[in-house]
Amino acid sequence: MMGGLEQSFPVPHKNLSLEIKGNSTDIFICRYDDHFLGEGSMSFCHSNLRKTSQVMATQIGTMGTILHARKEEGVSTEPTFSVSVILGKRDEPILLATARQLIEHISSSGSSMPLVLSLGLKDHSAETLRGIVSAVTENRLW
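- You'll find the protein entered in an unreviewed UniProt entry as Proteasome assembly chaperone 3, with Corchorus olitorius given as the organism.

Structure follows, in structure tokens:
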């Protein structure tokens, strides 16, 4: 029993704790067979049933900005990616760039699963975000 809900199947996941630029950073990576992300009273649901990667990285103990990234299906020979802010800061392009880097990694590995990314960070520097992308890609579940 977890949070009042019975778990009838295991959810593949990894927990990481690392230091990035002097800040303790916790990263949680998991893979779902549908589009569902929930913590506390916040939830994001999508009716399209297919696998989804979820990444949560926090230095502040909360979810922070939540982004959704996916590879667009089309006739173009070059892949196109869509990144949007679901909840949180919409004026930080570096957060969008981080989600885009991760969805490009997912796509280049042959997977078409979308990504839900949560970034609750003290430090929004390029070095911090590179460290998060590196840790996630080294410990991927897609």
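That was the structure; now back to the text.
1. Comments concerning the confidence of the model for the protein
Reasoning step 1: In this model, the protein carries an average pLDDT of 82, and 81% of its residues clear a pLDDT of 70 or more.
Reasoning step 2: Below pLDDT 50 for its whole length, residues 1-8 participates in two contacts with residues either more than four positions away or in separate chains.
Reasoning step 3: Between residues 35-49, whose pLDDT stays under 50, and residues either more than four places distant or in other chains, the model counts 30 contacts.

2. Some remarks on the side chain of S111
Reasoning step 1: Looking at the secondary structure, you find S111 in the loop between α1 (93-108) and β8 (115-120).
Reasoning step 2: A distance of 3.2 Å separates the side chain of S111 from the backbone nitrogen of M113, its partner in a polar contact.
Reasoning step 3: In this structure, S111 is in contact with I106 and W142, ignoring residues within four places of it in sequence.

3. Examining the nonpolar core
Reasoning step 1: Among the nonpolar cores identified, the biggest contains 27 residues, and I27, L115, L117, L119, I132 and V136 are the most heavily contacted of them.
Reasoning step 2: Breaking this core down by element, the ones donating at least two residues are β1 (13-20), β2 (23-32), β5 (52-58), β6 (65-72), β7 (80-87), α1, β8 and α2 (126-138).
Reasoning step 3: Look past the residues within four positions of L117 in its chain and what remains in contact with it is V55, T65, I66, L67, T98, A99 and L102.

4. Some remarks on α2
Residues that lie three or four places apart on an α-helix share one face, since the helix turns once every 3.6 residues.
Reasoning step 1: The terminal C-alpha atoms of α2, which comprises 13 residues, lie 18 Å apart, in line with the 18 Å expected from a rise of 1.5 Å per residue.
Reasoning step 2: Within α2 the residues assigned to the buried category are T128, L129, I132, V133, A135 and V136. What you see down the axis of α2 is that its buried residues fit within an arc of 165°, all on one side. The exposed set on the far side of α2, more than 90 degrees from its buried face, consists of R130 and E138.
Reasoning step 3: Elements in contact with the buried residues of α2: β1, β2, β5, α1 and β8.

5. What to know about the packing of α1 against α2
The relative placement of two packed helices is expressed as an angle between their axes plus a distance between the axes.
Reasoning step 1: The interhelical angle for the contact between α1 and α2, taken along N-to-C directions, is 20°, at an axis separation of 10 Å. It follows that α1 is roughly parallel to α2 by the angle criterion. Considering how the two elements wind past one another, α1 and α2 form a crossing that is right-handed. Contact with α1, carried on its side by I94, L95, T98, Q101, L102 and H105, involves A126, L129, V133, V136 and T137 of α2 and no other residues of that element.
Reasoning step 2: Here the residues of the contact of α1 with α2 are counted per class, giving seven nonpolar, four polar and no charged.

6. Some points on the pattern of salt bridges
Reasoning step 1: Summed over all chains, the structure comprises four salt bridges.
Reasoning step 2: As a salt-bridge pair, D123 and K21 come within 3.4 Å of each other at their nearest N and O atoms. Here D123, found in the loop between β8 and α2, pairs with K21, found in the loop between β1 and β2; they are 102 residues apart in sequence, far enough to count as distant.
Reasoning step 3: Taking the relative accessible area as the measure of exposure, D123 reaches 16% and is therefore buried.
Reasoning step 4: On the basis of relative accessible area, K21 is assigned to the partly exposed category, the value being 45%.
Reasoning step 5: Note that R70 and E72 form a salt bridge whose closest N and O atoms lie 3.3 Å from each other.

Conventions adopted
Residues numbered from 1 in each chain as written. Predicted model: local features only at pLDDT ≥ 70, side-chain atom pairs only at ≥ 80, totals over all residues. Heavy atoms only, no water. pLDDT = per-residue confidence, 0-100. Contact = heavy atoms within 4.5 Å. Helix = DSSP H or I, 4+ residues; strand = E, 2+ residues; numbered from the N terminus. Polar contact = N/O pair within 3.5 Å; in protein donor to acceptor, adjacent residues only side chain to side chain. Core = buried A, V, L, I, M, F, W, Y, C linked by side-chain atoms within 4.5 Å. Buried < 20%, exposed > 50% of the residue type's maximum accessible area, 1.4 Å probe, protein only. Expected span 1.5 Å × (residues − 1). Arc of directions from axis to C-beta. Axes fitted to C-alpha atoms, helices over the stretch in contact; angles between N-to-C directions. Parallel < 35°, antiparallel > 145°, perpendicular 65-115°, else oblique. Left-handed = near helix turned anticlockwise from the far one by under 90°. Nonpolar A, V, L, I, M, F, W, Y, C, P; charged D, E, K, R; others polar. Salt bridge = Lys/Arg side-chain N within 4 Å of Asp/Glu carboxyl O.

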